[in-house]
Amino acid sequence: MRTGLLFLLLIASKSLWGLTADELKWEKDYYRLKAGKIELKAKTDSVFILFFKISYSNSSLLEELSSDFIAYSKTKKHVYGKAYLAKSLDYLLNNSKSNLYYCKKSLPLIKKEKDTIGYCFALQILSEIYKKSGNNDLSLKTSKKALKIAVALNNGVLIANTYSNLGLIMSSKQNYLMAKNSFLNALTYRLKNNDKYGLLSTYTNLGIAYKNLKQYDSAFYFQRKSLQLAQSLNSTYSIAYAYNDLGVIHLKLKNLDSAEFYFKESVKLRKEIDEKWELGYTYNFLGELFRIRNNKDQSVDFLKTAISLGNQSGNTKQIYESYQQLSLTFAKFNQFDSAFYYNQKFEQLKDSVVARRNNLAAEMLIADYEFEKKQQEIKLLRNQTEMQALHIDKQKNWLWIAGLGLLSLIGFIVLFVRNRQLRLMKLQLESQKKEELLRLEAQQKILEDRQRISRELHDNIGANLTVFKELISDRENPDEVSEINQLTEETIQELRKAVWLLNHEESTFEEWVIRLKEYFKHLRKVRIQTYSQDSSNPMIHARILTELFRVIQEGVNNALKHASCSEILITVRNESDQLYISIDDNGIGITDSDIPGFGLINMQERIANVKGEITVKQSQEKGTRILISIPLNSTK
């Protein structure tokens, strides 16, 4: 979307009198490269990069030079595919059936050349051709295929570009959540690649996606990141775009003064670079802003200026949006004749644009079908020819079969004896390795069991002693003495339970929750609440339950010892194959500068042992929050 606008901007700035100085230089560079003595693959790549530059600016020059290169490449067949792909680059300026034909023709040729990176790039171009023609489903399918190849290649640039294209496709389909996720994936690879210009477009696209999702804080964040990066790169075009997008967000939030400031800053920069295509959209937004302010004259002036700019740049979509805004402005001020007039112009122009786009999409689908049908016919004819040749070869060579069979038999016997000897040697080595591995695994298991029992005794007894201390400090009547005795008995039971857990593989979720509530029932400060997504009562591995039980003990223990809290809330949620636990207290809280003690480190180790995640942070209201998530199948 943004790329296409950039290309059209470059077109608008082109000289009206023949080739520009850059284009004349590119034409000379092409003939110099073609006549050069450099290695053919390097020559092909250099020519392709040159064609990509030309494709931004001059369709006719690209047509002339790419046709010449196709003729040249017919004698160098292993670069034939790249030549056809270069021919399809005209889609950047003029999407048509011929672009689809040349791009699809290049795919099997590039694949045959085993140029996987080139094949992935060709799929990306094919996806763009489909998207520009309005065939979003085909574009999506092609981009997913390109992404699979890019990931297999582990090529960060191709992965980032494909995710970015997927985000634009999802935006066209108005699936803004999927668009946001695709742009976030692209952002990850842009940051790894330190691709500043790629980051610039990704920040902008993320800002737009979050705006469409009405998540305005995130939208502001990414648009400001885009603005800062554009300023550091001194890109006037991108700075103007960021100002415009920031103005749109403020307009959505009815921050009219801020919106006006950013729009006018964008207008100033776009006038400096004579960028009429995007300038028309900014005037549309200003027209909307002044309608909200009840300033009809100013609104109408901006919108009519936008229409004039749209006519100059050929931006039909922007023109019919201007008609719509004018209709809304006149309707607000009860000038219904004018409102009806501009609404009719909006509907007529929009319908004509949609019809042209639908016709192009249909033509592309027909061309795609015809191309595939032709390829199948060619493949069938080739198969028939190969079968005939195979039949002739069989008739000519049958006399050799007996001799080759005898030689094969002798070779097979020799190979069989040799392989038998090698297999025996291999089996002996594998047996020795297995014995050594079993011995090491047994030693490791003994060591893990010792460490586990040690942690069980340390964590459980330490937690209970803290509870004893809390009960004694809060004791107000002799009845609490019996509670202390009861907790002592429970401590003994917990020691027995630690040994028992070594011999039991799993327990149900409800049994574990009951055990958890029984353990904390003596503490008035502790409340436990549970939620379950459905009525299921999954069996959970004892290792998960034990580690989780100890972490909750440690969390409550830390809160009682250090938090000076009056309430601790434990929340347990069972959702599908995942357990979520939160421990919240209303104590003094924790800061980033606090150094975790042995208890917090031990909690992190326990959760890591069952492939879970734990976060300890300051609560939004007051106190400390511990968040834990554990997959129920983490021990499988």
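Quick note: structure is the one above.
Now for a quick tour of the structure. (Residues numbered from 1 in each chain as written. Predicted model: local features only at pLDDT ≥ 70, side-chain atom pairs only at ≥ 80, totals over all residues. Heavy atoms only, no water.)

What to know about the overall build of the chain
Okay, step 1: A tally of helices and strands in the chain yields 23 helices and seven strands.
Okay, step 2: Split into buried and exposed, the 636 residues of the chain put 43% on the buried side.
Okay, step 3: Summed over its atoms, the accessible surface of the chain is roughly 35,700 Å², and 55% of this surface lies on carbon and sulfur atoms. (Helix = DSSP H or I, 4+ residues; strand = E, 2+ residues; numbered from the N terminus. Buried < 20%, exposed > 50% of the residue type's maximum accessible area, 1.4 Å probe, protein only. Areas by Shrake-Rupley, 256 points an atom, 1.4 Å probe, with all protein chains shown as cover.)

Description of empty space enclosed by the protein
Okay, step 1: In this structure the tally under the stated criterion is two cavities of 30 Å³ or more.
Okay, step 2: Estimated volume of the second largest cavity: approximately 30 Å³.
Okay, step 3: Lining the second largest cavity we find Ile208, Lys211, Gln223, Asp245, Val248 and Ile249.
Okay, step 4: If you list the elements that add at least two residues to the lining of the second largest cavity, you get helix 11 (196-212) and helix 13 (236-252).
Okay, step 5: In terms of residue count, the dominant contributor to the lining of the second largest cavity is helix 13 (three residues).
Okay, step 6: A class-by-class count of the residues in the lining of the second largest cavity yields three nonpolar, one polar and two charged. (1 Å grid on protein atoms, 1.4 Å probe; cavity = no way out; pocket = protein on both sides within 12 Å on 5 of 7 lines; lining within 4 Å. Points joined across faces, edges and corners; volume = space filled by probe spheres on them. Nonpolar A, V, L, I, M, F, W, Y, C, P; charged D, E, K, R; others polar.)

Let's talk about the packing of aromatic side chains
Okay, step 1: Going through the model one piece at a time under the given rule, you end up with 16 aromatic pairs.
Okay, step 2: Ring centres 6.0 Å apart and planes at 35° place the aromatic pair Tyr243 and Tyr262 in the tilted group. Taken as a pair, Tyr243 in helix 13 and Tyr262 in helix 14 (residues 256-272) lie far apart in primary sequence, 19 residues in all.
Okay, step 3: On the accessibility criterion, Tyr243 (14% relative accessible area) is buried.
Okay, step 4: With centroids separated by 5.9 Å and ring planes inclined at 55°, the aromatic side chains of Tyr320 and Phe346 adopt a geometry described as tilted. Of this pair, Tyr320 sits in helix 17 (residues 316-332) while Phe346 sits in helix 18 (residues 336-397), placing them 26 residues apart in sequence. Phe346 matches Tyr320 in its accessibility class, with the two residues each being buried. (Phe/Tyr/Trp six-rings, centres within 6.5 Å; stacked < 30°, edge-to-face > 60°.)

Notes on unusual backbone geometry
Okay, step 1: Positive phi values are uncommon outside glycine, yet Asn154 reaches one of about 55°.
Okay, step 2: Mapped onto the fold, Asn154 is located in the loop between helix 8 (136-153) and helix 9 (156-172).
Okay, step 3: Owing to a relative accessible area of 62%, Asn154 belongs among the exposed residues under this scheme.

Section: the pairing of strand 7 (residues 624-631)
Okay, step 1: Counting buried residues in strand 7 gives six out of eight residues, a clear majority hidden from the surface.
Okay, step 2: Of the strand pairs in this sheet, strand 5 (residues 578-585) and strand 7 are connected by seven bridges, and their pairing is antiparallel. Bridging across to strand 7, Ile581 finds its partner in Ile628.
Okay, step 3: Of the strand pairs in this sheet, strand 6 (residues 613-618) and strand 7 are connected by six bridges, and their pairing is antiparallel. Looking at the pairing, Glu613 lines up with Ser629 of strand 7. (Pairing = 2+ DSSP bridges.)

With respect to a nonpolar patch on the surface
Okay, step 1: A cluster of nonpolar side chains, namely Leu409, Phe412, Ile413, Phe416 and Val417, defines an oily patch on the protein surface of about 490 Å² accessible area.
Okay, step 2: Among the secondary structure elements, Ile413 is positioned in helix 19 (residues 399-474).
Okay, step 3: Its relative accessible area of 46% is what places Ile413 among the partly exposed residues. (Patch = residues over 30% accessible without salt bridge, like charges linked within 9 Å, V, L, I, M, F, W, Y side chains within 5 Å. Salt bridge = Lys/Arg side-chain N within 4 Å of Asp/Glu carboxyl O.)

Digging into the environment of Phe261
Okay, step 1: Along the chain, Phe261 turns up in helix 14.
Okay, step 2: Separated by 15 residues in sequence, Phe261 and Leu246 place their C-alpha atoms 9.7 Å apart.

Digging into helix 10 (residues 176-193)
Side chains that are three or four residues apart share a direction in an α-helix, a result of its 3.6 residues per turn.
Okay, step 1: The terminal C-alpha atoms of helix 10, which comprises 18 residues, lie 25 Å apart, in line with the 26 Å expected from a rise of 1.5 Å per residue.
Okay, step 2: The elements touched by buried residues of helix 10 are helix 9, helix 11 and helix 12 (216-233).
Okay, step 3: Phi for Asn194, located one or two positions after helix 10, is positive at around 55°. (Expected span 1.5 Å × (residues − 1). Contact = heavy atoms within 4.5 Å.)

Description of the sheet that holds strand 6
Okay, step 1: Strand order in the open sheet formed by five strands is 2-4-5-7-6, with mixed pairing between adjacent strands. Whereas interior strands pair on both sides, the edge strands pair on one side only; in this sheet they are strand 2 (526-532) and strand 6. Averaged over all pairs of adjacent strands, the angle between strand axes in this sheet comes to 10°, irrespective of strand direction.
Okay, step 2: Sheet analysis places strand 2 next to strand 4 (residues 568-575), joined by seven bridges and oriented parallel. Note on strand 4: the bridge partner recorded for Tyr531 is Arg573.
Okay, step 3: Sitting on the sheet, helix 21 (residues 509-520) touches strand 2, strand 4 and strand 5, and the angle it makes with strand 2 is about 170°. (Axes fitted to C-alpha atoms, helices over the stretch in contact; angles between N-to-C directions.)

A look at helix 21
Okay, step 1: Taking 1.5 Å as the rise per residue, helix 21 with twelve residues should run 16 Å; its terminal C-alpha atoms sit 17 Å apart, in good agreement.
Okay, step 2: Within the sequence span of helix 21, burial applies to Phe509, Trp512, Val513, Leu516, Tyr519 and Phe520. Down the axis of helix 21, the buried side of the element spans an arc of 125°, and every buried residue falls inside it. (Arc of directions from axis to C-beta.)

Details of the pattern of salt bridges
When the charged atoms of two side chains with opposite charge come close together, those side chains can pair.
Okay, step 1: A complete count under the given rule lists 15 salt bridges for this structure.
Okay, step 2: Glu275 is the salt-bridge partner of Arg270, the closest N and O atoms lying 3.3 Å from each other.
Okay, step 3: Arg270 sits in the buried class, given a relative accessible area of 0%.
Okay, step 4: We classify Glu275 as buried; its relative accessible area is 1%.
Okay, step 5: Three or more residues joined by partner-sharing salt bridges are found here, namely Asp257, Glu260, Lys264 and Arg293.

Re the side chain of Ser182
Okay, step 1: Following the sequence through the fold, Ser182 ends up in helix 10.
Okay, step 2: Since its relative accessible area comes to 8%, Ser182 is described here as buried.
Okay, step 3: With near-sequence residues (within four places) excluded, Ser182 lies in contact with Tyr163, Leu166 and Gly167.

Looking at the packing of helix 7 (residues 116-132) against helix 8
Okay, step 1: It is the contact of helix 7 with helix 8, at a shortest axis distance of 8 Å, that shows an interaxial angle of 160°. In terms of orientation, helix 7 lies roughly antiparallel with respect to helix 8. The element helix 7 and its partner helix 8 pack so that their crossing is left-handed. Between helix 7, through Thr116, Ile117, Tyr119, Cys120, Leu123, Gln124, Leu126, Ser127, Tyr130 and Lys131, and helix 8, the contact on the second element is made entirely by Asn136, Leu138, Ser139, Thr142, Ser143, Lys145, Ala146, Ile149, Ala150 and Leu153.
Okay, step 2: Tallied by class, residues from the contact of helix 7 with helix 8 come to eleven nonpolar, seven polar and two charged. (Parallel < 35°, antiparallel > 145°, perpendicular 65-115°, else oblique. Left-handed = near helix turned anticlockwise from the far one by under 90°.)

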